Each structure stands twice: as structure tokens, then as C-alpha cells.
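# Tertiary structure, described
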Amino acid sequence: MIKQALISVSDKTGVLDFARALAAMGVNILSTGGTAKLLADNGVAVTEVADYTGFPEMLDGRVKTLHPMVHGGILARRDFPEHMAKLEEHKIPTIDMVVVNLYPFQATVAKDSCTLEDAIENIDIGGPAMLRSAAKNHKDVVVICDPVDYAVVLDEIKAGAVGYDTRFKLATKVYAHTAQYDGAIANYLTSLGADKQHATRAQYPQTLNVAFEKVQDMRYGENPHQSAAFYRDLQVTEGALGNYRQLQGKELSYNNIADADAAWECVKSMGGFDQSAACVIVKHANPCGVALGANAADAYSRALKTDPTSAFGGIIAFNVEVDGAAATELAKLFVEVLIAPSFSAEAKQILSAKQNVRLLEIPLGKGVNAMDFKRVGGGLLVQSADSKNVLLGDLKVVTKLQPTQQQLQDLMFAWRVAKYVKSNAIVFCGGNMTLGVGAGQMSRIDSARIASIKAQNAGLSLTGSVVASDAFFPFRDGLDVVVDAGANCVIQPGGSMRDQEVIDAADERGVVMLYTGTRHFRH
């Protein structure tokens, strides 16, 4: 039975209604500072912790709840007679519920104007101590660190008592929360410069703490003998795959999620072209067909033409709603996952006949992950995300021939696609669609040859096409291969010690070549 609750929160969302409900049930409420004032000003009977302990809040609020009257009442085991005897001896009532959330440290240090003093004063001491004490004694104490749990707890109190399963779940949530909080403090402090004022802040801290929450276990990993699970960022970036809502289909697999991320990131990058609808087909983490179209059905039809063989069993993403016309065409192909910002009612009805197809709705957004991670033996590689999209103004024509407006658009399209193709990447395009994709080869020449073979197998002509190379051509032979295949425009980063040799070869072959000044390796 809950007789006494201590409520002290930084995030006051819903706390007034929660406290009113507890007070109506006869629960005595203890509180501090701003929370106590909020409750008192709104007619909720509340006892200040300083009055309760008989010891004043001091040191500008740094010391207020660190007292045996508080922690004794929280930590005492009700099933230990010696614990209860000690409480009685020192006239310490039990505290049966602790409702605490912490100073906004992460929000504070995220501000450009944040000083070290600001950060230090937003390191909560009493809050984590109370949370950890209550979570340790969860058998006897209900602990809440997230306003979202107020309703669940009230419902269970009204039904008779807060069950052990809920108490345990709330306790585990507390330890995850305080671990993340302490991790954020360590990340910040170990990123500060060694100068006396700590005026500089490194992009990569000396110690790195990251936190994710498990969404689901996978049936297996990349292969059946590997186990796996999917974890999501605690704060998912706008527009990221982690925001997905699955409408139908089997559970997502490890490979589904990895490939879906590749497809979704690629299709999101297709904004800004004349035609609004884009479709990306991915197989084994590589785009095998990308196209713009007048609508979803048109974009899909054009993307499929690049490599219909590889598209079988692939992941398909759109940047516009999938309507009935698109769904009718999609239903003809075996597909693992379909991704879009939305699916029309007609599309859902048509695709419901393909019960195993996973439909994912994800709101479009421009946000990108701040960091990319890659696990290696005994360590972790961390880098900033490859969020740069080359613009027309960044391009430099290095040949005698100048590109036409249509060629420029095709070159920009090809470059966007190449960014999402595994290195070495060669992508032939024309008319806002891929014509041939060569990915992941040890030799750039081999990627070029494979791309041309893909186009030939699909019955697509490369005559007059443009080609994107994710990194520079180290020799002229790579350029000769793509020109021999039919390309008359090339876009590449430049930067080779033999750049002039390749430029001379382009002039000799009568083709246009542009430099981006940006490389897009993708491993």
C-alpha cells in the first residue's frame, strides 16, 4: 500500500494531475523546490522535504534530499524486522513511491552557449541517488522516472496494488536512464580541451557511451547460425528507418533491416529533382534499380527495368505514397519489404493478398544520424555520417566539352545513386533512371564492365548515357571502358595524381567530365 510518495521532477509534464490523483487516494506527498511550489499553488497538499527532514535545503540546492529521513524511508526492506525496527527507533516513516526525473544535462550541453559551469550545475546528484535507491528496493517501492508511466501506475493502484512485474519493469527503466545520464556526463567532460578554461570541445570524446533500446529479437542474424536483435536510438533521428511502423507481413529479419536502411536513405536523397516520385530497389545492400517518375507506379516501372533479375526478393522504397496503381504492379513481383511515407487504402487492400510482404510506413524527414558506427575486433570505428549532397555549384567541368542541362541533371542523379552503392561503384544513368550498376568490386574497371553487362542483360542501351564513379579513376583505362560502353558524360571526385592523364583521355574521346571534389566510398 502506498502511504507516502516523494515527487521531485524537472520535466513537469502530467505531474500535477498525477499528484492530484495520489492525494485523492490519501497519499501523503513530499516534494522539493519548483515541484513543491507547483503542487501547492494548485491546491495539492504537499510537505517540503526540508520541513520533513528538519534540515534546510542548502548550498544553492545541491543538498536537499541526501538525508537518512529520505533514503532510510526508501531503502528499508519491509520484510526485514531489523530494518523496520531501525526506522521506528529513528522515527523515519517509509516512502513507498519515488517520482523523480533529472536535471536536463543533455539539453544544456547541446546549446552552443553552454559553459562548463552551466554543465556542472546541471549534473543532478540527489535525483539519481533517490532513483537508484528506490529501484534497488523495487520490491517495496514504486519508482517512476518517465511521465509516460503515470497512467499505468494509477490504473494499477486503483485496481488494488502496483504489481511486482510493473515495479521491476520501472526499476530496470531507472537503471537504464541513470546509466544513459552518467554516460552523457562522461561523454561531455572527456570531450573538453585540456586548457584551464576548457574552452574547446572535441568532436570525439575520450570515452564514448552510447545507449539504445531493444525493439525485437531477430530470428537469426545474417546467417541462420548467428543470433541477432534490433536496437533503436533512444531519440530516433527525424526520417530515420528506426521510425518505421509495420503495417503487415512477417517479422523483419536482420538482413531486411540492413537492406531497408540502404533503400530508405537512398530514396530520401532523391528530393529536389523535377519529378517528385522516386523508387529505389535494393538487393544485398546495393541499389540495383533507381528511377524518378511522374508517380509511384511510373518510378517503379522504370527502376525495375535496370535489373529485373536482381529485383526478385528485393527491398523497394518510395519517397511518395504508394497508391493502387503502384500496388497492382508491385504485387506481381516477389518482394521482401516495401517502404513508403504512406500507403493508400486501395494499396493496402491489394497488398494484403501478399501476406508475407512487410509494409513499412516511415515519415519523410531531412534528419541524418550524427555518427556512424562500425564494430571491429576489439574496438569501434566512429565517424560523422556521410550527409553531404553535392550541389550543382560544387561541380567543376574539367574537359573542353560542356554538359547540356539534361546531362547535368542526369549527372546529378547518377552521383546521388553512386553515393549508396558499395565501392568500387560505377553507375550508368540516363533520363533520370539507372541503366547499369556495378558494385563492390576490387577493381573499378571490373565494376564498369559489370555495370555495362547488367545494362546489356536488361536490354538497355548505354549510348549517350552518363556515368558516375564514387572515387577517382587512377588511370585512363577505367574511363576508356565506360566510354566504350556508350557513356558520353562522366562525373567523378578527381584527386588522382594522374588526373591530367584522365582529363586528356576524356578530351581525346570527346566526352564531358566533371569533378565533384567529394568522394563517396561506402564499405
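Residues numbered from 1 in each chain as written. Predicted model: local features only at pLDDT ≥ 70, side-chain atom pairs only at ≥ 80, totals over all residues. Heavy atoms only, no water.

### Considerations on the overall build of the protein
When helices and strands are tallied, the protein shows 19 helices and 21 strands. Taking 24 Å as the expected radius of gyration for a compact globule of 523 residues, we find that the protein reaches 30 Å, considerably beyond that expectation. For the protein, the spread of C-alpha atoms along the principal axes amounts to about 95 × 60 × 45 Å. For the protein, buried positions account for 49% of its 523 residues. Taking contacts inside the protein between residues at least 6 apart in sequence as the whole, the part at least 24 apart equals 56%. Split by element, the accessible area of the protein, about 25,200 Å² in all, is 52% carbon and sulfur. Between the centroid of the 50 positive side chains of the protein and the centroid of its 57 negative side chains there is a distance of 3 Å. (Helix = DSSP H or I, 4+ residues; strand = E, 2+ residues; numbered from the N terminus. Rg over C-alpha atoms; globule rule 2.2 N^0.38 Å. Buried < 20%, exposed > 50% of the residue type's maximum accessible area, 1.4 Å probe, protein only. Contact = heavy atoms within 4.5 Å. Areas by Shrake-Rupley, 256 points an atom, 1.4 Å probe, with all protein chains shown as cover. Lys, Arg positive; Asp, Glu negative; His and termini not counted. Charge placed at Lys NZ, Arg CZ, Asp CG, Glu CD.)

### A word on the nonpolar core
In this structure, F18, L22, M97, V98, F105 and V153 are the most contacted members of the largest nonpolar core, which totals 57 residues. Tallying contributions element by element places helix α10 (residues 164–189) first for this core, with 7 residues. Those residues within four positions of F105 in sequence are excluded, and the remaining contacts are A119, N122, I123, Y181, A184, I185 and Y188. Of all hydrophobic cores here, the second largest spans 52 residues; its members include F318, L330, L333 and I445. (Core = buried A, V, L, I, M, F, W, Y, C linked by side-chain atoms within 4.5 Å.)

### Some words on the side chain of R302
Mapped onto the elements of the fold, R302 is located in helix α12 (residues 296–306). Despite being buried, R302 has no salt bridge partner; D298 is the closest side chain of opposite charge, sitting 4.8 Å away. Those residues in contact with R302, other than ones at most four positions away along the chain, are A291, L292, G431, N432 and M433. (Salt bridge = Lys/Arg side-chain N within 4 Å of Asp/Glu carboxyl O.)

### Some words on helix α19 (residues 499–509)
Those residues of α19 that sit buried are D499, V502, I503, A505 and A506. In an axial view of α19, the angular spread of the buried residues amounts to 160°, which keeps them on one side of the axis. The inward-facing, buried residues of α19 contact α18 (476–485), β20 (487–492) and β21 (512–515). Once α19 ends, the next one or two residues include G510, with phi positive near 75°. (Arc of directions from axis to C-beta.)

### Comments concerning the sheet that holds strand β3 (residues 47–48)
The strand order across the open sheet built from 5 strands is β3-β2-β1-β4-β5, with neighbouring strands paired in parallel fashion. The sheet is open, and its two edges are formed by β3 and β5 (142–144), each paired on a single side. When strand β1 (residues 4–9) meets strand β2 (residues 28–31), the two strands line up parallel, connected through 4 bridges. Across the sheet, A5 pairs through a bridge with I29, a residue of β2. Packed on one face of the sheet, helix α1 (residues 15–24) meets β1, β2, β4 (97–101) and β5 and runs near 170° to β1. Helix α8 (residues 126–136) rests against β1, β4 and β5 of the sheet, and its axis sits at about 140° to β4. (Pairing = 2+ DSSP bridges. Axes fitted to C-alpha atoms, helices over the stretch in contact; angles between N-to-C directions.)

### Quick notes on helix α2 (residues 33–41)
Residues T35, A36 and L39 constitute the buried set of α2. Here the buried residues of α2 occupy an arc of 100° about the axis, which is enough to place them on one side. Set apart from the buried face of α2 by more than 90 degrees, the exposed residues are K37 and D41. Once α2 finishes, G43 follows within two positions and takes phi at roughly 80°, a positive value.

### Topic: the side chain of T94
With respect to the element layout, T94 can be found in the loop between α5 (81–89) and β4. Polar contacts involving the side chain of T94 include one to the side chain of D96, which spans 3.2 Å. Residues in contact with T94, not counting those within four places in the same chain, are Q4, G73, R78, M84 and L87. (Polar contact = N/O pair within 3.5 Å; in protein donor to acceptor, adjacent residues only side chain to side chain.)

### Brief notes about the domain arrangement of the protein
Per the domain assignment, the segments of the protein are domain 1 (4–200), domain 2 (240–361) and domain 3 (392–515). Computed over C-alpha atoms only, the centres of domain 1 and domain 3 are separated by 60 Å. (Domains from an automatic or database assignment.)

### Section: the environment of R20
Locating R20 in the fold gives a position in helix α1. Distance from R20 to V44, taken between C-alpha atoms, is 6.2 Å for residues 24 residues apart in sequence. Those residues in contact with R20, other than ones at most four positions away along the chain, are N42 and V44.

### Some points on a nonpolar patch on the surface
A cluster of nonpolar side chains, L208, V210, F212, Y231, F373 and L380, forms an exposed patch at the surface whose accessible area comes to about 550 Å². Here Y231 is to be found in strand β7 (residues 229–233). Under the relative-accessibility criterion, Y231 is labelled partly exposed at 44%. (Patch = residues over 30% accessible without salt bridge, like charges linked within 9 Å, V, L, I, M, F, W, Y side chains within 5 Å.)

### Comments concerning the environment of T172
Positionally, T172 belongs in helix α10. Overall, the relative accessible area of 38% leaves T172 in the partly exposed class.

### Notes on the sheet that holds strand β11 (residues 314–318)
The pairing of strands in a sheet comes from backbone hydrogen bonds and takes either a parallel or an antiparallel form. Strands sit in the order β8-β13-β12-β11-β9-β10 across an open sheet of 6 strands; the sheet is mixed. The two strands at the open ends of the sheet, each matched to only one other strand, are β8 (245–248) and β10 (286–293). Strand-to-strand twist in this sheet, taken as the mean axis angle between neighbours without regard to direction, amounts to 20°. In terms of strand pairing, β8 meets strand β13 (residues 358–361) through 3 bridges, oriented antiparallel. If you follow R245 over to β13, its bridge partner there is E361. The strands touched by helix α11 (residues 254–268) are β9 (277–283), β10, β11, β12 (335–340) and β13; relative to β11, the strand with the most contacts, the crossing angle is about 35°.

### Some thoughts on the pattern of salt bridges
This model, assessed by the stated rule, comprises 20 salt bridges. For D217, the salt bridge goes to K214, with nearest N and O atoms at 3.1 Å. Among the salt bridges present, the one from K332 reaches E329, with a minimum N-O distance of 3.2 Å. For K332, a relative accessible area of 63% puts it in the exposed group. Through salt bridges that share partners, R476, D480, D484, E508 and R509 make up one connected network.

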